[in-house]
Structures are given as C-alpha cells and as structure tokens.
Amino acid sequence: MGLPGLRPLLLVLAGCWAAVRAQTSATPAATSDNFTEAAPATLGPSVSPTPPGTSRAPEPSFGSRPAPVTDDKPALSFIDPGVPDESNFDELVKTSTGFTLNTESDAALAPKLDAPSTAKYEYGAPVQTSDSFLRLPSPLTSSVCADSNPAAFLVNQAVKCTRRVNLERCEDTEALNMIYYSSPQILQVPNSRTKQVPITIQSIVIQSLNKTLTRLAAPEVLPPSLITAGHATVCTNVVLEVKYRLTYTDAGEVTDADLFLLLGTVSSAVAPLQQKFEIDFIQHSTKPVPLSGNPGYVVGLPLVAGFQPQKGSGIIQTTNRYGQLTILRSTTEQDCLALEGVRAPVLFGHDMQSGCKLRLTRALPCRLLAPIVKSLLVGQGFPDYVAPFGNTRAQDVLDWVPVHFVTQSSNMKDSCQLPVALVIEVKWTKYGSLLNPQAKIVNVTARLLSSSLPETHSGSERTTLLSTAVTFMDVSAPAEAGFRARPTINARLPFNFFFPFV
C-alpha cells in the first residue's frame, strides 16, 4: 500500500477517535469515597464538551435517572469479599448480609406440610408401643424368625418360625424370655405417649419334655433358667408360643391387650427351636361369632344358611347357628302334630333321616291339612342360600349357593296331594391344595315329595308316615398326578427352505 492509499485510512481513524472522546466528555462519572459508578449513556447525538463558566441549555428528560450512590453499607453487596480462613471466618459471618442460619422470615416462607392424622389406627398400620412397635416375629426369606416384623392393626396372623438356640446363653436371649413379649406398653392411639395400654398375661401353660401340659393357676413372670442334672443340661421356661388378643373400638383405639403363653423346656437335642406367634383383633362390646370352618366346612358343624329379603340386600341369618337349616327330629311318641317346632340341625358330612306318623281322620280334611304338613317338613323360614365355606361373609351375596327347591307330586285325579317327604341333597367338593383340601359346597337341592291320598270315609282313620332326609355327596374330581404336555411346534416353512438338499 502506497502513501496515497494510507492517507484516507488515517482520516477515518482520526474521526473515530474524536467521536469517542466527545462521548466520554458528555457522560461524567459520579464518584464517591469507595467506588465509582459510570452514568448511563444517553441516546442521541454526541455533545461537544462545554467550556468552563458557560451555561448549558436544559436537556430533554427521558425518565428518572438513578441518584448517585453514597457510602451506604447495604449497597456494597457486590464487593468481592475476602477469602475466608480460620482467622477471619467469624468476622465475615457477622458482616455478611447475604445469608442467615435461621430467621423468622425463612420460617414464614417455608411451606407448612400437612401433619398426618394420628387420631386413630387404620387398617394395616403398625401397632405402636412406648419404645417402637409391637413385634410379631415371623419368617421372611427363610424359616428363621425375624424379630423386626411389626404387628399390623386388624390383620390377624398366625405364623411359625425357627430359631437357633445357644443353650448356655438361653437366660440372656430376649426372644426366649416372656418379659420380652409382656413388657411393652401399647399406645391407645398412634403417636400418643400419654394413653398407653399394658399387656395383661391371661394364661401360662407349661410343656414338659414328654409333651405334657400344665396350666398355672396364677400367671407369674417365669424367666428362662438353665438347669444341669447330671450329664444333661436343659433350659426351662422357654417361650414356645405367643398369642396376642387386642380389643379395639370403632374409633380405631386399642383398649385392651391380652397375652397367652406356652412355655417349655429345651434340651441340647432340640435344635433348632420352633416358635409360634399369633395375634387376633376383637371389637369392643361384641362377641366373636363361631364359624363352621375356616375356610372349608368341618365335619359335624352346622351348615351356614340364610335368606335374602330383597334383591341387592345382604344375607339375613338367625342368631342361632344350629337353627339356620333344620329337619324334623324323631321322638319316641312319633306324633307329627306334637313335634311342631322340634327340629334337628343339618350337620356337615352327616347323612340324616328322621320321621313321624300323622293320623288322618274325617275331622281333618286333607286339603286343609296339606299346608300344615308342609310347614312341619320345611320348618319356619326355610333358607334360600347356603354358604359355600364355613366363614363366608353375609355381604358377599354372589358367593352364596342358592337352594333349588323342587316340588314333586303325583298325577292322580280326584285325590289330595299331601306332602310326605323332604329330601335335601348337598353336593360338595374338595377345594385347594392336595395337602390341605377344604370342603366347599357347590350345590344344594331340596325336594318336597307329595303323595296322592284318597278321601277317608266317615269314622275311619289312616296313618301316614312323614320323613325328612339329608344326604351329602362328594363330587370332587379325582386327583391325578400328571405332567404338562410337551410343546408342539406350529410353524410353516417356505417350500424351498431345504433347497438344494431336498
């Protein structure tokens, strides 16, 4: 580049330098003792500096300008603080206003979490005690007892687990001592340290080495004791079974806690030790309802039956469990009219048959006698449904088995149809595992048989036999051991898959 081309470039640089100097002079800086803040640049053409002593025309206002900052301590928050070390850390904390450890403003701004309601126990909630929760040892991943398992509210449990026992240290093992299970204080409601329910020992049964049982007249605390007799060493008063019975109210409060214990003797030959733990919940001011099975029926217990007053409602049952499904009861008099109201319960697995004699005279017309005889055979309030299991709930209407009532009569003309027999057929099956099958009722049929009786002549009598029968029929399919069928390959191959070999 020659000299003629350099001159225009220098002129351009000089013009730019003059413009920058003019802009700097037009925006003076506001100073203070500690720092300097540049005034904001104004929008518009550059203004040439004014000589001293001359007045300037007022400039148009484009909004409020920031006032000059004085020596104000809170305004120094952007000062680069010193590097903290062991000598100046406390001083920097006092002078700093950027943070606080705990202030009322932070507490006010902090979100308030809704505290959980602890007014009552809910289903499945752990039963709390004064120290933690009520422990109910149970097997988890193996058969070994896990002592950290909590007892859940309204969850009835019965478990068995094993525990390895060091016979020499049986006196120091908490899980073998009855105090470990009787000392906790149960909280009446969750998180309430003021209302506590003590555990009351109701009974203690002692089991000897030969399995004989002895119940103590007055329960007392019996800690484990190591006894040496000759060459044999045994540990007595070892906890074998623990059963809790907790009473609760509708408000979800625990009112009573009872404890039943089975203590035994452990020798060196018994290893490992098996323990059983059980807990039941009973509602306050109610009596437990006996069951006919849990779940399957037990032979010799009455059938659970009832009727449905209207569609959509639950099953209505009588309080007398032995009067829900009944038949005639045979007596020595054998007089049907004297047996009205005398009934026998239908027991599961028991085939039954009963009867009586009815004398027909001219004074008792057959047509008027028919409804009376029917009520004798059927009874008052013959049920419409029978429970499939011994513990079926009344509100589970769809699970109940309907009773098929069939009436059979002869076709003879000019005769009176008089009911003479009631035959109840109960079909049941074995339900569940082969190791522990449960009896389940699948069908119930009641047949009312009527017979044609001619009208009696004047002054003559006839004797008719009325009978009732119950039969149980096992309709279980035979259990056959078998193997699963081998899988079949259902695949279509292209026609030239094996080409050129085939």
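Note that the structure is a prediction, hence the values are computed from the model and not measured. (Residues numbered from 1 in each chain as written. Predicted model: local features only at pLDDT ≥ 70, side-chain atom pairs only at ≥ 80, totals over all residues. Heavy atoms only, no water.)

### A word on the overall build of the chain
Argument step 1. Per the secondary structure count, the chain includes 5 helices and 21 strands.
Argument step 2. Evaluated residue by residue, the chain yields a buried proportion of 31% over its 502 residues.
Argument step 3. Look at the contacts in the chain between residues 6 or more apart in sequence, and 66% of them connect residues 24 or more apart. (Helix = DSSP H or I, 4+ residues; strand = E, 2+ residues; numbered from the N terminus. Buried < 20%, exposed > 50% of the residue type's maximum accessible area, 1.4 Å probe, protein only. Contact = heavy atoms within 4.5 Å.)

### Observations regarding the state of the cysteines
Disulfide: a covalent bond connecting the sulfur atoms of a pair of cysteines.
Argument step 1. Throughout the structure, instances matching the rule amount to 3 disulfides.
Argument step 2. The residue that forms a disulfide with Cys170 is Cys235, at a sulfur-sulfur distance of 2.1 Å. Here Cys170 and Cys235 share a disulfide; its torsion about the S-S bond, 95°, makes the bridge right-handed. Residue Cys170 is found in the loop between β5 (157-163) and α4 (179-182), and its partner Cys235 is found in strand β10 (residues 232-248); the two are separated by 65 residues along the sequence.
Argument step 3. What makes Cys170 buried here is its relative accessible area of 0%.
Argument step 4. With relative accessibility at 0%, the residue Cys235 sits in the buried group.
Argument step 5. Put simply, Cys336 and Cys356 are joined by a disulfide, and their sulfur atoms are 1.9 Å apart. Because the torsion about its S-S bond is 110°, the bridge between Cys336 and Cys356 counts as right-handed. Linking Cys336 in the loop between β14 (326-328) and β15 (343-345) with Cys356 in strand β16 (residues 352-360), this pair joins segments that are 20 residues apart in sequence. (Disulfide = S-S within 2.5 Å.)

### Digging into the pairing of strand β21 (residues 462-474)
Argument step 1. In this sheet, β21 lies alongside β16 in antiparallel orientation, the contact comprising 9 bridges. Within β21, the position partnered with Cys356 by the bridge is Leu466.
Argument step 2. Relative to β21, strand β19 (residues 416-431) runs parallel, the two sharing 8 bridges. Paired with Ile424 across the bridge in β21 is Val470. (Pairing = 2+ DSSP bridges.)

### Focus: the sheet that holds strand β18 (residues 401-408)
Within a beta sheet, neighbouring strands are joined by backbone hydrogen bonds and run either parallel or antiparallel to one another.
Argument step 1. If you trace the 7 strands from one edge of the open sheet to the other, you get β13-β17-β18-β20-β19-β21-β16, paired in mixed fashion. The sheet terminates laterally at β13 (305-306) and β16, the two strands that pair on one side only.
Argument step 2. Strands β16, β18, β19, β20 (438-453) and β21 of the sheet are contacted by helix α5 (residues 366-378), whose axis makes an angle of about 20° with β19. (Axes fitted to C-alpha atoms, helices over the stretch in contact; angles between N-to-C directions.)

### Observations concerning the pattern of salt bridges
Think of it this way: side chains of opposite charge can pair up when their charged atoms draw near.
Argument step 1. If you walk through the whole model with that rule in mind, you get 5 salt bridges.
Argument step 2. The residue Asp280 makes a salt bridge to Lys243 at a minimum N-O spacing of 3.9 Å. Within this pair, whereas Asp280 is found in strand β12 (residues 273-283), its partner Lys243 is found in strand β10, the two being separated by 37 residues in sequence.
Argument step 3. A salt bridge links Asp258 to Arg245; the nearest nitrogen and oxygen atoms lie 3.1 Å apart. One end of the pair, Asp258, is in strand β11 (residues 254-267); the other, Arg245, is in strand β10, and 13 residues separate them in sequence.
Argument step 4. Since its relative accessible area comes to 10%, Asp258 is described here as buried. (Salt bridge = Lys/Arg side-chain N within 4 Å of Asp/Glu carboxyl O.)

### Points about a nonpolar patch on the surface
Argument step 1. Where nonpolar side chains cluster on the molecular surface, the patch consists of Leu493, Phe497, Phe498, Phe501 and Val502 and spans about 670 Å² of accessible area.
Argument step 2. Mapped onto the secondary structure, Val502 falls in the segment after β21.
Argument step 3. Overall, Val502 belongs to the exposed group, its relative accessible area being 85%. (Patch = residues over 30% accessible without salt bridge, like charges linked within 9 Å, V, L, I, M, F, W, Y side chains within 5 Å. Areas by Shrake-Rupley, 256 points an atom, 1.4 Å probe, with all protein chains shown as cover.)

### Regarding the confidence of the model for the chain
Argument step 1. In this model, the chain carries an average pLDDT of 78, and 75% of its residues clear a pLDDT of 70 or more.
Argument step 2. When the criterion is pLDDT under 50, residues 26-70 qualifies, and its contacts beyond four places in sequence or with other chains add up to 25 contacts.
Argument step 3. Within the model, the stretch residues 99-117 combines pLDDT values under 50 with 1 contact to residues more than four positions away or in other chains. (pLDDT = per-residue confidence, 0-100.)

### Brief notes about unusual backbone geometry
Argument step 1. Backbone torsion omega between Asn294 and Pro295 reads -5°, so that peptide bond is classified as cis.
Argument step 2. Mapped onto the elements, Pro295 comes out in the loop between β12 and β13.
Argument step 3. Along the chain, Phe499 connects to Pro500 via a cis peptide bond; the corresponding omega equals 5°.
Argument step 4. With phi around 65°, Leu154 is a residue other than glycine that occupies positive phi space.
Argument step 5. As for its placement among the helices and strands, Leu154 is situated in the loop between β4 (145-146) and β5.

### With respect to the side chain of Thr468
Argument step 1. Looking at the secondary structure, you find Thr468 in strand β21.
Argument step 2. One polar contact links Thr468 to Ser354, side chain to side chain, over a distance of 2.7 Å.
Argument step 3. Every residue in contact with Thr468, bar those within four places of it in the chain, is listed here: Ile327, Leu328, Met352, Gln353, Ser354, Leu377 and Leu422. (Polar contact = N/O pair within 3.5 Å; in protein donor to acceptor, adjacent residues only side chain to side chain.)

### Topic: the packing of aromatic side chains
Argument step 1. This structure, assessed with the given rule, holds 11 aromatic pairs.
Argument step 2. On the basis of an interplanar angle of 85° and a centroid distance of 5.0 Å, the ring pair of Phe497 and Phe498 is categorised as edge-to-face.
Argument step 3. By relative accessible area, which is 48% here, Phe497 ends up partly exposed.
Argument step 4. Put simply, the rings of Tyr121, Phe153, Tyr248 and Phe281 pair up and form one aromatic cluster.
Argument step 5. The side chain of Lys440 reaches across the aromatic face of Tyr431, ending 5.0 Å from its centre. (Phe/Tyr/Trp six-rings, centres within 6.5 Å; stacked < 30°, edge-to-face > 60°. Lys NZ or Arg CZ within 6 Å of the ring centre and 35° of its normal.)

### Comments concerning the nonpolar core
Argument step 1. Tyr297, Leu303, Ile424 and Ile441 are the most contacted members of the largest nonpolar core, which has 46 residues in total.
Argument step 2. At the level of elements, β14, β16, α5, β17 (385-386), β19, β20 and β21 are the ones that each hand at least two residues to this core.
Argument step 3. The element contributing the most residues to this core is β19, with 8 residues.
Argument step 4. By size, the runner-up hydrophobic cluster in this structure holds 32 residues, among which are Phe153, Met178, Ile204 and Val239. (Core = buried A, V, L, I, M, F, W, Y, C linked by side-chain atoms within 4.5 Å.)

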